[in-house]
Amino acid sequence: MVLKIGVIGTGAIGKDHIHRITNTLNGGEIIAVTDVNPEQAEAVVETENLNAEIFKDGHALIQSPNVDAVVVTSWGPTHEEFVLASIAAGKPVFCEKPLATTAEGCKRIVDAEVESGKQLVTVGFMRRYDQGYRALKKTIKENQIGTPLMLHCAHRNQNAPAFHGDMPITDSFVHEIDILRWLLQDDYVSVQVIQPRRTRFANDGMQDSYMILLETKEGIRIDAEVFVNCQYGYDVQCQVVGDTGIANLPEPASVVVRKDAKLSSDILTDWKPRFIDAYDVEIQEWIDATLKGEMNGPSAWDGYVVSVTVDACLEAKNSEKIIPIDLPECPSFYREAKVEV
Ligand code: NAP
């Protein structure tokens, strides 16, 4: 059986997902595409040699009886309307982050999904599919380092020429927010955002770097550095300190060279190669689960929690205060989901 997929937004990540579904993964076929730039949609149909209809807009694509499931990879502010329309049409939808650009928008999606009575939404937090993060979670779950007490994390980009304003938090740190609560199976209760001396490599008006301190319900303390112009490479670090041991996120595989009295290995310079395998696993697991009528990836509730936490981070940054994070109780609809990825 093949899942007939319609893709809304054929920009960078939309093209990547179309390519992997068409050439690398099993069980999915792109049969519909749309983009606000029709030439861009036409170009991907030609490049990937797709047998796909080009729709005038996302709503027409969602309504098509030929489309079984929807992938939303358009510009962030359009996500909410396309996810809500997919829910209204009763179609499974994979939405790239953000689920919506406001916490209220995410809550509207949560409410609509709960009201529909069927879990249909998966959010593209791809780190949950990374082998290293999965191994780290297994280590914690198997109690190999005892009870987690503290986490030391870093998200570093070599440079971020297109970043401005709060993007280090809204576009980069969002991944840390999702992955750390998933790793710990815990929620955040407060956040503090510290702004160290600013790097001279940051774009005008943008703070870079940040030190973000989170506290969880269980009392775990997290310090996370976000530094998007670090110059030396793309580097994601996570160390979990437990009461009987310490576990580190594995480094990406890289040959270690001993030469000229030096020990060296390469560091990646871009996020794509760092997480390319995770993207493949993410979309393959979404196709497999959707074909079985299941939904087990990051949920609309997860998208909502991330959005509430981002808002608290921004308030903490602007006020320079410790800001509490108040979440309503997770609806049983999500707690009872069959498999948690
Ligand atoms: P992009 O290259 O700008 O692609 C977005 C595409 O959607 C563009 O072609 C855009 O057209 C089009 N679009 C805008 N409004 C639309 C609408 N109403 N209907 C159909 N198409 C529309 O951006 P991207 O880098 O692919 O990012 C897309 C989304 O994926 C963003 O939300 C981003 O945060 C997310 N993303 C996630 C990851 C991850 O690691 N999970 C990585 C990359 C991106 P215009 O260019 O004319 O606006």
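Refer to the structure above for everything that follows.
Reading the values: the criteria
Residues numbered from 1 in each chain as written. Predicted model: local features only at pLDDT ≥ 70, side-chain atom pairs only at ≥ 80, totals over all residues. Heavy atoms only, no water. Phe/Tyr/Trp six-rings, centres within 6.5 Å; stacked < 30°, edge-to-face > 60°. Buried < 20%, exposed > 50% of the residue type's maximum accessible area, 1.4 Å probe, protein only. Lys NZ or Arg CZ within 6 Å of the ring centre and 35° of its normal. Disulfide = S-S within 2.5 Å. Pairing = 2+ DSSP bridges. Helix = DSSP H or I, 4+ residues; strand = E, 2+ residues; numbered from the N terminus. Contact = heavy atoms within 4.5 Å. Axes fitted to C-alpha atoms, helices over the stretch in contact; angles between N-to-C directions. Near = heavy atom within 4 Å. Polar contact = N/O pair within 3.5 Å; in protein donor to acceptor, adjacent residues only side chain to side chain. Areas by Shrake-Rupley, 256 points an atom, 1.4 Å probe, with all protein chains shown as cover. Nonpolar A, V, L, I, M, F, W, Y, C, P; charged D, E, K, R; others polar.

Student: How would you sum up the packing of aromatic side chains? Please name residues and give values.
Tutor: One pass over the structure, following the stated rule, counts 6 aromatic pairs. Consider the rings of Phe-333 and Tyr-334, whose centres lie 4.9 Å apart with planes at 85°: the pair is edge-to-face. By relative accessible area, which is 7% here, Tyr-334 ends up buried. An aromatic cluster of at least three residues, connected via ring pairs, comprises Trp-301, Tyr-304, Phe-333 and Tyr-334. It is Arg-274 that lies over the ring of Phe-275; its NZ or CZ is 4.5 Å from the centre.

Student: An account of the state of the cysteines is needed here, citing residue identities and associated values.
Tutor: In protein chemistry, a disulfide is the covalent bond that joins the sulfur atoms of two cysteines. For the structure shown, the criterion picks out 0 disulfides. Here Cys-106 stays free of any disulfide, with the sulfur of Cys-95 as its closest cysteine sulfur at 8.8 Å. Among the residues examined, Cys-106 registers a relative accessible area of 0% and is labelled buried. Looking at Cys-153, it has no disulfide partner, and the nearest cysteine sulfur is the one in Cys-238, 4.0 Å off.

Student: Quick one: what's the story with the sheet that holds strand S6 (residues 121–124), residue by residue and with numbers?
Tutor: The pairing of strands in a sheet comes from backbone hydrogen bonds and takes either a parallel or an antiparallel form. An order of S3-S2-S1-S4-S5-S6 is seen for the 6 strands of this open sheet, with the pairing classed as parallel. Strands with a single pairing partner mark the edges of an open sheet, and in this sheet they are strand S3 (53–54) and S6. Relative to S6, strand S5 (residues 93–96) runs parallel, the two sharing 4 bridges. From the neighbouring strand, Val-93 faces S6, where its bridge partner is Val-121. Sitting on the sheet, helix H4 (residues 79–88) is in contact with strand S1 (3–8), strand S4 (69–72), S5 and S6, with an inclination near 170° to S5.

Student: Tell me about the site of the ligand, residues and numbers included.
Tutor: Residues in close proximity to the ligand total 24 residues, the closest being Asp-35, Asn-37, Gln-40, Glu-96 and Tyr-279. Within the backbone of Ile-13, a nitrogen or oxygen atom sits 2.9 Å from an oxygen atom of the ligand. Computed on the free molecule, the ligand has an accessible area of 900 Å², of which 74% lies beneath the protein chains in the complex. The residue inventory of the shell around the ligand, partitioned by class, reads 10 nonpolar, 11 polar and 3 charged.

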